[in-house]
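Descriptive structure summary
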Amino acid sequence: MSAHNEETPILIEDELTDKESGEAVALEAGPDAAGQRLDQWLAVRLGPELSRSRVQALIRQGAVSIAGKPVLEAKRKLAAGERIEILVPAPEPAEPQGEDIPLDILYEDDELIVINKPAGLVVHPGAGNWTGTLVNALIHHCGDSLSGIGGVKRPGIVHRLDKETSGVMVVAKTDRAHKALSEAFADHGRTGDLERAYLALVWGIPQRPTGTIDAPLGRAADRVRRAVVPESRDDARHAVTHFSVVERFGEGQQAFATASLVECRLETGRTHQIRVHMAHIGHPVVGDPDYGQAFRTKANRLPEPLKTKVKAFPRQALHAWLLEFEHPTTHLTMRFEAPIPGDMEELVGDFRKL
């Protein structure tokens, strides 16, 4: 094996390298690399273009190989003389482009636009979702009129809904509207006119018809999801959710699993707040792939065809049905409602038959 200077990446001119998919880079670990973590060593060799977190993501995706075999553990220790190959994807566009994606527009004027976001639509570009987002659709629809306060990748975005959560969202078209709406959302309606309500189909029936979940949220052990954490933790964030039971399904019988349709109102707006809080009290959202896994076997205690429908339901059954806020220029209270989407309504209807 030839001895290359490990400070200088070598481009591999083969089938892996092309202008559209990116470029393949090969490095050889010298004596000083022995015993070092793969991700740390690569971050130093490939920085500043690739950060350590980006290197770790590439490792998880199988884009890093040693001796021709993919390595999926970032903490793997290197040995001197090993040849490391990295397939680096081509850089994404710095600014999102407009795409002709249909929008369900509930209201629009010169200051803002209110839409009913469908499940499956990501709000703004990010890792793994650089196109096909709500922002791409808004750029196509609104042109240059979106507020720039949120940055090039989040123009006009005041608040978010998870990819698989449907419902009402407002987007600012001017900086003035963006500032006013952002302040309202940050305050969560404590001193002004802002109201948000969600409907969630959850497992089980809460003991009380109404309740408040006051439990701080932080990062889970996998650093991706969220979890209820001790208030003393550095990343703990105050989080409060108020819930009320709208309907009970299967109450009074013991043959099948029970469920409830619950309305949730946010006093704070943390990432995945409703999903984490409802799981925390033992009533996770039906279909939630991140926080309801431990309850998936409940579907086995349902009659057909409901059992099959629940197992096949591809997302969390969560919908933002209500958004009320003060218009930033007219100061009128504006209220928007979005009916439960068809897939969730059908599921709720089948639970009503228990």
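The preceding data block contains the structure.
This section reports on the structure supplied with the text. Keep in mind the model is a prediction, meaning the values are calculated, not measured.

A few words now on the nonpolar core. By size, the foremost hydrophobic cluster in this structure holds 50 residues, and its most contacted members are Leu 138, Leu 201, Trp 203, Val 310, Met 344, Leu 347 and Phe 351. With seven residues, the top contributor of residues to this core is strand 9 (residues 194–203). Those residues within four positions of Phe 351 in sequence are excluded, and the remaining contacts are Leu 201, Trp 203, Phe 249, Ala 259, Leu 302, Leu 306 and Val 310. Residues Ala 29, Ala 33, Leu 50 and Ile 59 belong to the second largest nonpolar core, which totals 21 residues.

Let's shift gears to the environment of Leu 146. Residue position: Leu 146 is located in the loop between helix 3 (134–142) and strand 8 (166–172). Accessibility expressed as a relative area gives 11% for Leu 146, which makes it buried. Placed ten residues apart in sequence, Leu 146 and Gly 156 show a C-alpha to C-alpha distance of 5.3 Å.

A few words now on the pairing of strand 14 (residues 259–266). By the criterion of burial, strand 14 is predominantly enclosed, with seven of the eight residues buried. As defined by bridge partners, strand 9 adjoins strand 14 across seven bridges and the pair is classed as antiparallel. Counterpart to Tyr 198 in the pairing with strand 14 is Cys 264.

For Thr 133, the position within the fold is in the loop between strand 7 (112–117) and helix 3. Given the relative accessible area of 0%, Thr 133 is considered buried. Engagement of the side chain of Thr 133 in a polar contact is seen with the backbone nitrogen of Val 135, the distance being 3.3 Å. Excluding residues within four positions of it along the chain, Thr 133 makes contact with Ile 101, Leu 121, Val 122, Val 123, His 124 and Pro 125.

Another point: the pairing of strand 8. The side chains of a regular strand alternate between the sheet's two faces. Among the seven residues in strand 8, seven count as buried, and that is most of the element. Across six bridges, strand 7 lies against strand 8 in antiparallel orientation. Each residue of the ladder has a partner; that of Ile 115, found in strand 8, is Met 169. Both strand 8 and strand 15 (residues 318–326) contribute to a ladder of two bridges, which runs parallel. Within strand 15, the residue paired with Gly 167 across the bridge is Ala 320.

Attention now moves to the side chain of Arg 226. Here Arg 226 is to be found in strand 12 (residues 226–228). Looking at Arg 226, its side chain comes within polar contact range of the main-chain oxygen of Val 224, at 3.1 Å. Once you skip the residues sitting within four places of it in the chain, Arg 226 turns out to touch Gly 218, Arg 219, Ala 220, Thr 271, Val 276 and Tyr 291.

Turning our eyes to something else, we now look at unusual backbone geometry. Here Glu 304 and Pro 305 are connected by a cis peptide whose omega angle stands at 5 degrees. The residue Pro 305 is located in the loop between helix 5 (273–280) and helix 6 (306–312) in this model. One non-glycine residue with positive phi stands out, namely Ala 67, at about 55 degrees. Within the fold, Ala 67 resides in the loop between strand 3 (64–66) and strand 4 (69–70). With relative accessibility at 71%, the residue Ala 67 sits in the exposed group.

What counts, and where the lines are drawn
Residues numbered from 1 in each chain as written. Predicted model: local features only at pLDDT ≥ 70, side-chain atom pairs only at ≥ 80, totals over all residues. Heavy atoms only, no water. Core = buried A, V, L, I, M, F, W, Y, C linked by side-chain atoms within 4.5 Å. Buried < 20%, exposed > 50% of the residue type's maximum accessible area, 1.4 Å probe, protein only. Helix = DSSP H or I, 4+ residues; strand = E, 2+ residues; numbered from the N terminus. Contact = heavy atoms within 4.5 Å. Pairing = 2+ DSSP bridges. Polar contact = N/O pair within 3.5 Å; in protein donor to acceptor, adjacent residues only side chain to side chain.

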